[in-house]
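# Survey of secondary and tertiary structure
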Amino acid sequence: MNENDTEKMYILLSNEYEPTSNPENADLILINTCSVREKPEHKVYSEVGRYKELKRKKPDLIIGITGCVAQQEGENLIKRLPYVDLVLGTQGFYFIRDILKEFQQKRKPIVFVELKPDFKPPLLIRENLTLFDQKKVTAFVTIMQGCDNFCTYCIVPYVRGREISRPPKDILREIEELVKKGVREVTLLGQNVNSYGLKERNYPTFPELLNMVSQIDGLWRIRFTTNHPKDFSDKLIETIATNPKLCKHIHLPLQAGSNKILKKMNRKYTKEEYLEKVEKLKKAVPDIAITSDIIVGFPEETEKDFEETLDMLKKVRYHEIFSFKYSDRPFTAAKNLKDKVPEEEKEKRLKKLHEEQQKITQEIYNSYIDKVVEILVEGPSPKNPNMLTGRTTTNVVVNFKSPRLDIKGALVNVKITEAGKHSLKGEYLEILKI
Ligand code: 5AD
Ligand code: SF4
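Residues numbered from 1 in each chain as written. Chains lettered and ligands numbered in written order. Predicted model: local features only at pLDDT ≥ 70, side-chain atom pairs only at ≥ 80, totals over all residues. Heavy atoms only, no water.

### Some words on the overall build of the protein
Scanning the protein from terminus to terminus reveals 14 helices and 17 strands. In summary, the protein has a C-alpha radius of gyration of 22 Å against a globular reference of 22 Å for 434 residues, a match within 12%. Taken along the three principal axes of its C-alpha coordinates, the protein extends 65 × 55 × 45 Å. Accessible surface for the protein amounts to roughly 20,400 Å². Of this, 51% is attributable to carbon and sulfur atoms. Charged side chains in the protein number 73 positive and 64 negative. The centres of these two groups are separated by 1 Å. (Helix = DSSP H or I, 4+ residues; strand = E, 2+ residues; numbered from the N terminus. Rg over C-alpha atoms; globule rule 2.2 N^0.38 Å. Areas by Shrake-Rupley, 256 points an atom, 1.4 Å probe, with all protein chains shown as cover. Lys, Arg positive; Asp, Glu negative; His and termini not counted. Charge placed at Lys NZ, Arg CZ, Asp CG, Glu CD.)

### Things to note about the pattern of salt bridges
Considering all chains together, one arrives at 42 salt bridges under this definition. Between Asp 5 and Lys 8 there is a salt bridge, with its nearest N and O atoms 3.6 Å apart. With Asp 5 and Lys 8 both in helix 1 (residues 2–13) and three residues apart, this pair spans about one turn of that helix. Across this residue pair, the class does not change: Asp 5 and Lys 8 are buried. Between Lys 169 and Asp 170 there is a salt bridge, and its shortest N-O distance comes to 3.8 Å. Residue class for Lys 169 comes out exposed when judged on its relative accessible area of 62%. (Salt bridge = Lys/Arg side-chain N within 4 Å of Asp/Glu carboxyl O. Buried < 20%, exposed > 50% of the residue type's maximum accessible area, 1.4 Å probe, protein only.)

### Considering the site of ligand 1
Taken together, Val 36, Arg 37, Tyr 153, Gln 255, Asp 293, Ile 295, Phe 324, Lys 325, Tyr 326, Ser 327 and Arg 329 make up the full set of residues near ligand 1. Contact with the protein chains covers 87% of the free accessible surface of ligand 1, which is 410 Å². Secondary-structure elements contributing two or more residues to the shell around ligand 1 are strand 11 (289–296) and strand 12 (320–325). Of the residues contributing to the shell around ligand 1, the split by class is five nonpolar, two polar and four charged. (Near = heavy atom within 4 Å. Nonpolar A, V, L, I, M, F, W, Y, C, P; charged D, E, K, R; others polar.)

### Observations concerning the packing of aromatic side chains
A full pass over the atoms with the stated rule returns 11 aromatic pairs. Seen in terms of ring centroids, Phe 298 and Tyr 326 are 5.5 Å apart; in terms of plane orientation they differ by 75°. Their pairing is edge-to-face. Pair noted here: Phe 298 is in the loop between strand 11 and helix 13 (303–316) and Tyr 326 is in the loop between strand 12 and helix 14 (343–366), with a separation of 28 residues, a long-range link. Here Phe 298 matches Tyr 326 in class, with each residue buried. Members of the aromatic cluster, connected to one another through ring pairs, are Phe 93, Tyr 94, Phe 95, Phe 112 and Phe 119. When the ring centre of Tyr 45 is taken as origin, the NZ or CZ atom of Arg 80, which lies over that ring, is 3.6 Å away. If you follow Arg 184 out to its NZ or CZ, it ends over the ring of Trp 220, 4.7 Å from the centre. (Phe/Tyr/Trp six-rings, centres within 6.5 Å; stacked < 30°, edge-to-face > 60°. Lys NZ or Arg CZ within 6 Å of the ring centre and 35° of its normal.)

### A closer look at the nonpolar core
Among soluble globular proteins, nonpolar side chains are generally buried collectively. In terms of nonpolar packing, the biggest core is built from 81 residues, with Ile 175, Leu 188, Phe 206 and Ile 240 touching the most fellow members. Not counting residues up to four positions away in its chain, the partners in contact with Phe 206 are Ile 143, Leu 188, Val 193, Asn 194, Tyr 196, Phe 224 and Leu 236. Residues Ile 31, Tyr 45, Ile 63 and Val 87 belong to the second largest nonpolar core, which totals 19 residues. (Core = buried A, V, L, I, M, F, W, Y, C linked by side-chain atoms within 4.5 Å. Contact = heavy atoms within 4.5 Å.)

### Looking at the sheet that holds strand 9 (residues 221–225)
Taken in spatial order, the three strands make up an open sheet running 5-8-9, and their pairing is parallel. Unpaired on one side and paired on the other, strand 5 (138–142) and strand 9 mark the two borders of the sheet. Pairs of neighbouring strands in the sheet enclose a mean axial angle of 25°, with direction left out of account. Here helix 8 (residues 168–180) sits on the sheet in contact with strand 5 and strand 8 (185–189), set at roughly 165° to strand 5. (Pairing = 2+ DSSP bridges. Axes fitted to C-alpha atoms, helices over the stretch in contact; angles between N-to-C directions.)

This is the structure in structure tokens:
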């Protein structure tokens, strides 16, 4: 989502500015930030610190901090980092053009961190596709902002505000424009895409929106993230099973495997309910890949609670998980819970979780060997420019040898020959669509 917001800032500024990969050449540096966990928040300060010296040498340089840390800290950032000129929150950055004009006149720091519950993000059409890559095959499209769920560990509702769905016509128009420029796969983004449109009158539901998007000619693949298990519906399962443009991958964050911890997290489902949905999904779409986010060491999590999380990995058999040590976040309810898990214990649990998942991922990856899979070619492989890279419908990265290297954007059949830890290797067979 942050990457997508960065792109929006670029679209907003593209008439006045052009991108540079060298900060020494920049007239404007915007640092777009994440505060979902403690670690990325800390990184912000060291990142911004890198530009202090530049600003001293070049006083006209404008430095801005945008996004979630800006939203969270507001004025404090200017106090702590006096060489910063702009602090623009998660809605504030949309006003960047006017704010820059104002700044150029007054030359005084501007902080814009208002969050309006009825804020309507404007429709931004890309002239150039992304910052440096004109020929992108995949793109993100934000369909909703904010979140109303208030999981007790999570800062998102506080820094991104209440849930707002974008009008379907804006979403469709944005995707049509992307497809005209060569995009073949979109990932629809929201904190909880399953509740898309429910707060508005006459908006489609999420499964209806998916069917509308799938009617766009020239769009071949649709992904979406992220799902909340409590709202993950039978109708959505049926849509995935029947609509061939929908990729066979679901990110369904479990967060924890013990009902006690799920309750303390305010997740509003039990592990039994979660498993029931997973079973339904696997039955309707047998080759579905499921991935998850897991937090270890939430306050009051005992060894036994953690073992229930490990047990869930074995039951669900995720393709991949993203796992995090719990960290206190400002404003959240969990921050005030007393019984915190010691850092070494969190570290130990995280390691154990990784090991358990690594075994499962490896088994699943090995099962791809000798299979023929459809890959959307995204470009040259980052590690070996003589190979191409893309992903399966199940979202597994595949690097493969190909007699032709000029087929970016094509859908090809690839035979899998090897399974690595984080990706597969294969050989090109044939082009299906170009
Ligand atoms: N500590 C650790 N992980 C967190 N996440 C969100 N808040 C916290 C926190 N306070 C994780 C969740 C979420 C992902 C984006 O980040 O797993 O799904
Ligand atoms: Fe955070 Fe929960 Fe909302 Fe996800 S659903 S953004 S974890 S509050």
